[in-house]
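An overview of the molecular structure
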Amino acid sequence: MGFDLRGKTIGIIGAGKIGLRVVQIARGFSMKVIAYDLKPDYLLADVLNFKYVSLGEILENSDIISLHIPYLPQTHHLLNVD
């Protein structure tokens, strides 16, 4: 069974080209969008109406998490630390 996306919070980890496209789609569903990226673009965040937050805030406050980062040794187990 699904649920309504309106009013839910989506956390975007990795706000590059793909992550920003997901931001636009989520805003189309009237979702609140928060994002984490190593190189935040605050002007774009203002234009697309989302907020950059820490990774911890993403994990704490998101109903849905969308991951858009490359798989590297540094990102291995990013969400599930051994």
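Because the structure is a prediction, the values reported are computed rather than measured.

Moving on, we get to the sheet that holds strand 1 (residues 9-13). Read across the sheet, four strands follow the order 3-2-1-4 without closing on themselves; strand pairing throughout is parallel. The open sheet has two free edges, formed respectively by strand 3 (51-52) and strand 4 (64-67), since each of these has just one partner strand. Examined bridge by bridge, strand 1 and strand 2 (residues 32-36) share five bridges and lie parallel to one another. Following the sheet pairing, threonine 9 is matched in strand 2 by lysine 32.

Let us now look at the side chain of serine 62. Within the secondary structure layout, serine 62 lies in the loop between helix 3 (55-61) and strand 4. Of the residues examined, serine 62 reaches a relative accessible area of 16% and is grouped as buried. Polar side-chain contacts of serine 62 include one of 3.3 Å to the backbone nitrogen of glycine 11. A polar atom in the side chain of serine 62 sits 2.7 Å from the backbone oxygen of isoleucine 58. In this structure, serine 62 is in contact with Thr9, Ile10, Gly11 and Ile34, ignoring residues within four places of it in sequence.

Cut-offs and rules
- Residues numbered from 1 in each chain as written.
- Predicted model: local features only at pLDDT ≥ 70, side-chain atom pairs only at ≥ 80, totals over all residues.
- Heavy atoms only, no water.
- Pairing = 2+ DSSP bridges.
- Helix = DSSP H or I, 4+ residues; strand = E, 2+ residues; numbered from the N terminus.
- Buried < 20%, exposed > 50% of the residue type's maximum accessible area, 1.4 Å probe, protein only.
- Polar contact = N/O pair within 3.5 Å; in protein donor to acceptor, adjacent residues only side chain to side chain.
- Contact = heavy atoms within 4.5 Å.

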